[in-house]
Amino acid sequence: MIKVYPSLLAVDILHIGDSIKKIEDLADAWHIDIMDGHFVPNLSFGPSLIKALKKFSDKPIDVHLMVENPEIFVDSFISAGSDHLGFHIEATYHPQRLIKYIKSHGVKPYLVLNPATSLSTLDYLLEEIDTILIMTVNPGFGGQEFLPFTLKKIQDLRERALKENLNLNIMVDGGIDLKTAPMVVEKGANILISGVGIFENSNPRSVILAYKSLSLKEV
Ligand code: DX5
Ligand code: ZN
């Protein structure tokens, strides 16, 4: 079953509540992008949005930290109410320590890899974590074009998971729309994050339903 996490970076911030309510029953979680202006050349939201969203919607909140030294920020995002907390493997010296720390607070950690980061960085971590986010654009902005070379990476990771008998969630983020979603699912992604592809479509509900109708690769 494909899961869909709409990325709220793409909503008109002055109408965020309306945009959420229109698709809330179809969303599996809300994806919130956190940018620090260092790890990525942009700024976005902070813990106050997570706190407000927690009161507004019952759906899980999936927080994607695009920040240097994520260990500095995790406490404030945990106490704000994050349900999933993802951080980039490129952004910390001690990913295993951070995974353990996040888990110890009852929050689900996941690891994020930039498009050019090798899957070999996961070699000694796959026993510790069940969800990997493969960026399909260079992070920092919504509405960018999907990078086709990431398809091979999704496929390699899915094949590795199957071979090693790992029940691994492969998330993808960046440039996911009605054209690219079938391609990433075919390669083995099972959680689709999508911003512009959902919110800039005249019928966001039909886009989510189309994503969900894709069937997962069973090899
Ligand atoms: C990119 C962010 C994404 C972004 C995706 O740096 O991590 O979550 O919102 O946006 P779209 O789906 O519009 O490419
Ligand atoms: Zn994201």
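Refer to the structure above for everything that follows.
Residues numbered from 1 in each chain as written. Chains lettered and ligands numbered in written order. Predicted model: local features only at pLDDT ≥ 70, side-chain atom pairs only at ≥ 80, totals over all residues. Heavy atoms only, no water.

Engineer: Would you explain the overall build of the protein in this entry?
Structural biologist: The number of helices and strands found in the protein is 8 helices and 8 strands. Taking 219 residues into account, the globule formula puts the C-alpha radius of gyration at 17 Å, and the protein, at 16 Å, falls close to it. Taken over the C-alpha atoms alone, the protein extends approximately 45 × 35 × 30 Å along its principal axes. Across the protein, the fraction of contacts at a sequence separation of at least 24, relative to all contacts at a separation of at least 6, is 63%. By element, 53% of the accessible surface of the protein is carried by carbon and sulfur atoms, the whole surface being about 10,300 Å². For the protein, the distance from the average position of its 21 positive side-chain charges to the average position of its 27 negative side-chain charges is 4 Å. (Helix = DSSP H or I, 4+ residues; strand = E, 2+ residues; numbered from the N terminus. Rg over C-alpha atoms; globule rule 2.2 N^0.38 Å. Contact = heavy atoms within 4.5 Å. Areas by Shrake-Rupley, 256 points an atom, 1.4 Å probe, with all protein chains shown as cover. Lys, Arg positive; Asp, Glu negative; His and termini not counted. Charge placed at Lys NZ, Arg CZ, Asp CG, Glu CD.)

Engineer: What exactly am I supposed to notice about the packing of helix H1 (residues 16–23) against helix H2 (residues 47–56) here?
Structural biologist: Think of two packed helices as two axes; the pair is described by the angle between the axes and how far apart they sit. Contact pair H1 / H2: the axes reach a minimum separation of 12 Å and the direction vectors enclose 45°. Taken together, the axes of H1 and H2 lie oblique to each other. Relative to H2, the crossing made by H1 is right-handed. In this structure, H1 uses Ile 16, Gly 17, Ile 20 and Lys 21 to contact H2, whose residues at the interface are Leu 49, Leu 53 and Phe 56. Residue composition of the contact of H1 with H2, grouped by class: 5 nonpolar, 1 polar and 1 charged. (Axes fitted to C-alpha atoms, helices over the stretch in contact; angles between N-to-C directions. Parallel < 35°, antiparallel > 145°, perpendicular 65-115°, else oblique. Left-handed = near helix turned anticlockwise from the far one by under 90°. Nonpolar A, V, L, I, M, F, W, Y, C, P; charged D, E, K, R; others polar.)

Engineer: Explain the pairing of strand E6 (residues 131–135) here, please?
Structural biologist: A regular strand places its side chains so that they alternate between the two faces of the sheet. In terms of burial, E6 is a largely internal element, 5 of the 5 residues being buried. Side chains Thr 131, Leu 133 and Met 135 of E6 all project onto a buried face; the interleaved residues Ile 132 and Ile 134 project onto the opposite face, where all are buried too. One crossover worth recording links E6 to the parallel strand E7 (residues 169–173) by way of helix H5 (residues 150–163), and it is right-handed. (Buried < 20%, exposed > 50% of the residue type's maximum accessible area, 1.4 Å probe, protein only. Right-handed = clockwise from strand over helix to strand, strands pointing away.)

Engineer: Explain the sheet that holds E7 here, please?
Structural biologist: Strands belonging to one sheet form pairs held by backbone hydrogen bonds; the direction of such a pair is parallel or antiparallel. One open sheet holds the 8 strands; their spatial order is E1-E8-E7-E6-E5-E4-E3-E2, and the pairing between them is parallel. In this open sheet, the two edge strands, each paired with only one partner strand, are strand E1 (3–6) and strand E2 (30–35). Along the sheet, successive strands turn relative to each other by an average axial angle of 25°, direction set aside. Taken together, the 3 bridges between E7 and strand E8 (residues 191–194) define a ladder with parallel strand orientation. If you follow Met 171 over to E8, its bridge partner there is Ile 191. Strands E2 and strand E3 (61–66) of the sheet are contacted by H2, whose axis makes an angle of about 165° with E2. Contacts from H5 reach strand E5 (108–113), E6 and E7 within the one sheet, and its direction differs from that of E6 by about 165°. (Pairing = 2+ DSSP bridges.)

Engineer: So what exactly am I meant to see when it comes to the site of ligand 1 here?
Structural biologist: Within the structure, ligand 1 sits among 18 residues, and Ser 7, Asp 33, Gly 140, Asp 173 and Gly 195 are positioned closest to it. Between Asp 173 and ligand 1, the recorded distance is 2.7 Å, taken from a side-chain N or O atom to an oxygen atom. A distance of 2.8 Å is found between an oxygen atom of ligand 1 and a backbone nitrogen or oxygen belonging to Gly 195. A total of 380 Å² of accessible area belongs to ligand 1 in isolation, and the protein chains cover 99% of it. Of all the secondary structure elements, the ones that give two or more residues to the shell around ligand 1 are E2 and E3. (Near = heavy atom within 4 Å. Polar contact = N/O pair within 3.5 Å; in protein donor to acceptor, adjacent residues only side chain to side chain.)

Engineer: Explain the coordination of the zinc ion (ligand 2) here, please?
Structural biologist: Four donors placed tetrahedrally around a metal ideally meet at 109.5 degrees, and six donors placed octahedrally ideally meet at 90 or 180 degrees. Summarising the metal site, the zinc ion (ligand 2) is bound by the protein donors His 31 (NE2), Asp 33 (OD), His 64 (ND1) and Asp 173 (OD), whose distances to it range over 2.1 to 2.3 Å. Around the zinc ion (ligand 2) sit 6 donor atoms, and with donor-metal-donor angles ranging over 73 to 168° the site reads as octahedral. Counting residues between consecutive donors of the zinc ion (ligand 2) along the chain gives the motif H-x1-D-x30-H-x108-D. Residue Asp 33 is found in strand E2, and its partner His 64 is found in strand E3; the two are separated by 31 residues along the sequence. What makes Asp 33 buried here is its relative accessible area of 5%. (Donors = N, O, S within 2.8 Å, 3.2 Å for Na, K, Ca; no water. Tetrahedral: all angles 85-135°; square planar, octahedral: opposite > 155°, others 65-115°.)

Engineer: Explain H5 to me, please; I cannot follow it from the model alone.
Structural biologist: An α-helix turns once every 3.6 residues. As a result, residues three or four positions apart point the same way. Taking 1.5 Å as the rise per residue, H5 with 14 residues should run 20 Å; its terminal C-alpha atoms sit 20 Å apart, in good agreement. Positioned one or two residues after H5, Asn 165 has a phi angle of 60°, which is positive. (Expected span 1.5 Å × (residues − 1).)

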